[in-house]
2 protein chains.
Amino acid sequence: MPDINAMEDLKEVYVGTLTDSKYLHPVRLHYTQGGKKKIWDMMTVHEGVSVLIFNITRKKFVFVRQFRPSIYLNSIPEEDRKGMIDTQKYPASLGVALETCGGILDKDKPLEEIAAEEVREECGYVVDPSTLQRIIGFKGTLDYARDSQTHFYCEVTDDMKQGPGGGNAEEGELIDVVEMSIPEVKAYVEQNNVLSPPALLLTVYWFLLYKAPLYSP
Amino acid sequence: MPDINAMEDLKEVYVGTLTDSKYLHPVRLHYTQGGKKKIWDMMTVHEGVSVLIFNITRKKFVFVRQFRPSIYLNSIPEEDRKGMIDTQKYPASLGVALETCGGILDKDKPLEEIAAEEVREECGYVVDPSTLQRIIGFKGTLDYARDSQTHFYCEVTDDMKQGPGGGNAEEGELIDVVEMSIPEVKAYVEQNNVLSPPALLLTVYWFLLYKAPLYSP
């Protein structure tokens, strides 16, 4: 299991300028629509997959928790972002999000195979890619980003768990595996504010609508 | 009503460099986590609100359709993005998304008031901000973006419709209002791929779970 203390051991945080990035490509699109010249500022990013995992042996969702720099920075007021950020005042936990397992498409393989690899790397379950159920795919989340996402649903059993998960340590990933019951997740998504992305919320609502009746007591 | 032909009359499209933007601020966050120096490339963007609107007089959802440059560019292969983009080969319709009504937080007002203004501007319904039901708020959608979003649900009646909607023409907004029945929307979100953001999907699933039983025949 990854060390929770390592995840929350955060220091020497500061915002720098971004001139060139392997992941983000800011561009300005110029176009003329209905006779009017317009511009739109945006960036192109990697496409991704996410997988909602449900362990049918114990009727538990399997999620991941990880530190997300974007969410962390979002929690810090503008005036406190200058210079070194005070990690006593703003602890790492402000940026630790509960998410569905997932990753970016950085290999030329079918989506289901990439998704199954993420399930193994992050959560330790070995699944047959053909058992993944496609929930939905869409193009573009933000106004600003190219961000195609495909969401899958995957049922696992205890005996499919063949490793600890936790992500690719060589790539510096620090990922906690988190199990939650159906009532726990229902209470979680009924809150006013969550530290979770819409991928988790929409796939959980999909589950509550279509799958929960099969598994609820 | 906005002119559908204006929305789809697209030409002189090309990708330019982005050096400075009012909306996007690419930054690189430097930090040390668990003793390892790391960087994360990201951008900060405006926060936003969205509203799932349901007309209880006619049992219809009220959505908007608009051209999204980010989705349009996403549909064009890398090799065809150089120089002027061929709008015969890649028509505007590739980037016209079905979305919930919404906008960015560019005014210092309560979220409910900003959301109610978007409902009036985009869809023509005058609603009391206090009647908006908060579905969920979250921080950060992408790995890459600061993007706080708050989603509301709002019921309207035919006699609350006091204008055409269509967005702020002075700001160059071209927005179509689209009505869909519960079965139509259910079929829409059950597709494998949609030209819609997760905000629409998650709030529609929320509706199907909690509200549809009240309104279905």
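For the structure, see preceding data.
Everything numeric in this text was worked out from a predicted model, so none of it was measured.

> Would you mind showing me how to read the packing of helix H5 (residues 198-210) of chain A against helix H5 (residues 198-210) of chain B here?
Helix-helix packing is characterised by the crossing angle of the two axes and by the distance between the axes. Running from amino to carboxyl end, H5 of chain A crosses H5 of chain B at an angle of 25°, the nearest separation of the two axes being 9 Å. Accordingly, the angle class assigned to the pair H5 of chain A and H5 of chain B is roughly parallel. Crossing geometry of H5 of chain A relative to H5 of chain B is assigned as left-handed. Contacts between H5 of chain A and H5 of chain B pair Pro 198, Leu 201, Leu 202, Tyr 205, Trp 206, Leu 208, Leu 209 and Tyr 210 of chain A from the former with Pro 198, Leu 201, Leu 202, Tyr 205, Trp 206, Leu 208, Leu 209 and Tyr 210 of chain B from the latter. Residue classes in the contact of H5 of chain A with H5 of chain B are distributed as 16 nonpolar, no polar and no charged.

> Sorry if this is basic, but what is going on with the relation of the copies chain A and chain B here?
Note on the copies: chain A fits chain B at an RMSD of 0.0 Å, the axial shift is 0.0 Å, and the rotation between them is 180°. Here the symmetry operator amounts to a two-fold rotation axis. When C-alpha distances to the rotation axis are compared across chain A, the minimum falls at Leu 202 of chain A, with a value of 2.1 Å.

> I would appreciate a short explanation of the nonpolar core in the present structure.
Here is a general trend for soluble globular proteins: nonpolar side chains tend to be buried in one another's company. The biggest cluster of nonpolar side chains holds 54 residues, and the ones touching the most others in it are Phe 207 of chain A together with Phe 207 of chain B. Ignoring anything within four residues of it in the chain, the contact list for Phe 207 of chain B reads Leu 52, Phe 54, Phe 61, Tyr 153, Ile 182, Ala 212 and Tyr 215 of chain B. Among the nonpolar cores identified, the runner-up in size contains 20 residues, and Val 51, Val 64, Cys 123 and Phe 152 of chain A belong to it.

> Could you clarify how one ought to interpret the pattern of salt bridges in this entry?
For side chains bearing opposite charge, pairing can occur when the charged atoms are close. Under the defined criterion, the tally for this structure stands at 22 salt bridges over all chains. Note that Lys 109 of chain A and Glu 117 of chain A form a salt bridge whose closest N and O atoms lie 2.6 Å from each other. Notably, a salt bridge pairs Arg 28 of chain B with Asp 41 of chain B, separated by 2.6 Å at the nearest N-O pair. In this pair, Arg 28 of chain B is assigned in strand S2 (residues 25-33) and Asp 41 of chain B in strand S3 (residues 36-44), connecting sequence segments 13 residues apart. Looking at Asp 41 of chain B, the relative accessible area reads 8%, which means it is buried. Shared partners join several salt bridges into a network, and the residues in it are Arg 58, Asp 158 and Glu 179 of chain A.

> Help me understand the packing of aromatic side chains, please; the structure alone is not making it clear to me.
Each aromatic ring pair is characterised by the separation of its centres together with the angle its planes make. Counted by the stated rule, this structure contains 22 aromatic pairs over all chains. Taking 5.9 Å as the distance between ring centres and 55° as the angle between the ring planes, the aromatic pair formed by Tyr 153 of chain A and Phe 207 of chain A counts as tilted. Taken together, the residues Tyr 153 of chain A in strand S10 (residues 149-156) and Phe 207 of chain A in helix H5 connect sequence positions 54 residues apart. Of the residues examined, Phe 207 of chain A reaches a relative accessible area of 0% and is grouped as buried. Connected via pairs of aromatic rings, a cluster forms that spans Phe 54, Phe 61, Phe 63, Tyr 153, Trp 206, Phe 207, Tyr 210 and Tyr 215 of chain A together with Tyr 205 of chain B.

> I keep staring at the interface of chain A and chain B and nothing clicks. Help me out?
A common way to state how big an interface is: give the accessible area lost once the parts meet. Every contact between the two is made by 86 residues of chain A and, on the other side, 86 residues of chain B. Between chain A and chain B, roughly 7500 Å² of surface is buried when both sides are summed, and carbon and sulfur atoms account for 60% of that area. If you look at where chain A meets chain B, you find two salt bridges. Connecting chain A to chain B are 20 residue pairs in polar contact (both at pLDDT 80 or more). In terms of residue class, the side of chain A that touches chain B is built from 43 nonpolar, 22 polar and 21 charged. With six bridges joining them, strand S2 (residues 25-33) of chain A and strand S1 (residues 10-17) of chain B adopt antiparallel strand pairing. By the bridge assignment for S1 of chain B, Val 27 of chain A is matched with Thr 17 of chain B.

> What is the right way to read H5 of chain B from this model?
Residue pairs three or four apart in sequence face the same way in an α-helix, which turns once every 3.6 residues. Residue and element names in this part refer to chain B. Between its first and last C-alpha atoms H5 spans 18 Å; for 13 residues at 1.5 Å apiece the expected length is 18 Å, and the two agree. H5 sits mainly inside the fold: twelve of its 13 residues count as buried. Of all the residues in H5, the buried ones are Pro 198, Ala 199, Leu 200, Leu 201, Leu 202, Thr 203, Val 204, Tyr 205, Trp 206, Phe 207, Leu 208 and Leu 209.

> Please explain the side chain of Thr 203 of chain B as it appears in this structure.
All names here are of chain B. The residue Thr 203 is located in helix H5 in this model. Its relative accessible area of 0% is what places Thr 203 among the buried residues. Of note is the side chain of Thr 203, whose polar atom sits 3.2 Å from the backbone oxygen of Leu 200. When neighbours within four sequence positions are excluded, Thr 203 is seen to be in contact with Leu 52, Thr 100, Ile 135 and His 151.

Each value, and the rule that gives it
- Residues numbered from 1 in each chain as written.
- Chains lettered and ligands numbered in written order.
- Predicted model: local features only at pLDDT ≥ 70, side-chain atom pairs only at ≥ 80, totals over all residues.
- Heavy atoms only, no water.
- Axes fitted to C-alpha atoms, helices over the stretch in contact; angles between N-to-C directions.
- Helix = DSSP H or I, 4+ residues; strand = E, 2+ residues; numbered from the N terminus.
- Parallel < 35°, antiparallel > 145°, perpendicular 65-115°, else oblique.
- Left-handed = near helix turned anticlockwise from the far one by under 90°.
- Contact = heavy atoms within 4.5 Å.
- Nonpolar A, V, L, I, M, F, W, Y, C, P; charged D, E, K, R; others polar.
- Least-squares fit on C-alpha atoms with pLDDT ≥ 70 in both.
- Core = buried A, V, L, I, M, F, W, Y, C linked by side-chain atoms within 4.5 Å.
- Buried < 20%, exposed > 50% of the residue type's maximum accessible area, 1.4 Å probe, protein only.
- Salt bridge = Lys/Arg side-chain N within 4 Å of Asp/Glu carboxyl O.
- Phe/Tyr/Trp six-rings, centres within 6.5 Å; stacked < 30°, edge-to-face > 60°.
- Buried area = accessible area lost by both parts, 1.4 Å probe.
- Polar contact = N/O pair within 3.5 Å; in protein donor to acceptor, adjacent residues only side chain to side chain.
- Pairing = 2+ DSSP bridges.
- Expected span 1.5 Å × (residues − 1).

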